[in-house]
Amino acid sequence: MMYPYIKFEDETEVTFSQIIMKDNIETIQVHFERATESGFDSARCELPSYKWIKNEGYSEKEIKEFEIFLENNVHLLFKYAKEGGIKIA
């Protein structure tokens with residue numbers, strides 16, 4: 001299951017997965033996606049390894065910016081993943 005997290009100014013939407021156990025390590029996947037004229041740009045990163053699983057359409061500069069974003073939000077992403085998403089009243 002993927003949970004919504006934030007939408008950037010360029011319309012990139014960020015979602016994150018529930019906790020996934022991988023080799024006895026809690027991991028999550030964070031997905032970045034924005035609509036284009038011909039479909040979607042899409043990238044996916046696995047945390048806590050910061051391994052990029054997928055990148056279709058995003059530049060190296062954008063990926064570096066996403067990595068900074070992830071470094072600043074990793075603690076919240078894991079917290080919300082454990083709670084089953086962000087609870088909004």
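Above this text is the structure in question.
Cut-off values and rules
- Residues numbered from 1 in each chain as written.
- Predicted model: local features only at pLDDT ≥ 70, side-chain atom pairs only at ≥ 80, totals over all residues.
- Heavy atoms only, no water.
- Helix = DSSP H or I, 4+ residues; strand = E, 2+ residues; numbered from the N terminus.
- Rg over C-alpha atoms; globule rule 2.2 N^0.38 Å.
- Buried < 20%, exposed > 50% of the residue type's maximum accessible area, 1.4 Å probe, protein only.
- Contact = heavy atoms within 4.5 Å.
- Areas by Shrake-Rupley, 256 points an atom, 1.4 Å probe, with all protein chains shown as cover.
- Lys, Arg positive; Asp, Glu negative; His and termini not counted.
- Charge placed at Lys NZ, Arg CZ, Asp CG, Glu CD.
- Pairing = 2+ DSSP bridges.
- Core = buried A, V, L, I, M, F, W, Y, C linked by side-chain atoms within 4.5 Å.

K.L.:
Go over the overall build of the protein with me, naming the residues and quoting the values.
P.N.:
A count of helices and strands for the protein gives 1 helix and 6 strands. Written out in order from the N terminus, the α and β elements of the protein read β-β-β-β-β-β-α. At 13 Å, the protein has a C-alpha radius of gyration in line with the 12 Å of a compact globule built from 89 residues. Oriented by its inertia axes, the alpha-carbon framework of the protein measures out at about 40 × 35 × 20 Å. Looking at the protein as a whole, 37% of its 89 residues qualify as buried. Contacts spanning at least 24 positions in sequence make up 33% of the contacts within the protein whose residues lie at least 6 apart. Of the accessible surface of the protein, which amounts to about 5,800 Å², a share of 52% is contributed by carbon and sulfur atoms. For the protein, the centre of its 11 positive side-chain charges and the centre of its 17 negative side-chain charges are spaced 5 Å apart.

K.L.:
Give me the pairing of strand β2 (residues 13–17): which residues, what numbers.
P.N.:
Counting buried residues in β2 gives 4 out of 5 residues, a clear majority hidden from the surface. Both strand β1 (residues 2–7) and β2 contribute to a ladder of 5 bridges, which runs antiparallel. Each residue of the ladder has a partner; that of proline 4, found in β2, is threonine 15. Between β1 and β2, which pair antiparallel and follow one another directly, the connecting turn spans 5 residues, one of which, glutamate 11, has a positive phi of 80°. Bridging between β2 and strand β4 (residues 25–36) involves 4 bridges; their strand directions are antiparallel.

K.L.:
Go over the nonpolar core, please, and point to the residues and values.
P.N.:
Grouped together as the largest cluster of nonpolar side chains are 20 residues, with contacts concentrated most on Phe16, Val30, Phe32, Leu47, Leu70 and Leu77. Among the secondary structure elements, those contributing two or more residues to this core are β1, β2, β4, β5 (39–47) and α1 (60–83). Considering every element that reaches this core, the biggest residue donor is α1, with 9 residues. Here leucine 70 is in contact with Val30, Phe32, Cys45, Leu47, Tyr50, Trp52 and Leu77, once residues within four sequence places are set aside.

K.L.:
Describe the side chain of threonine 27, and please don't skip the residues or the numbers.
P.N.:
If you trace the backbone, threonine 27 turns up in strand β4. Taking relative accessible area as the criterion, threonine 27 reaches 5% and is therefore assigned buried. Beyond its immediate chain neighbours, meaning those up to four positions away, threonine 27 contacts Gln18, Ile19, Ile20, Lys22, Glu46, Leu47, Pro48 and Phe78.

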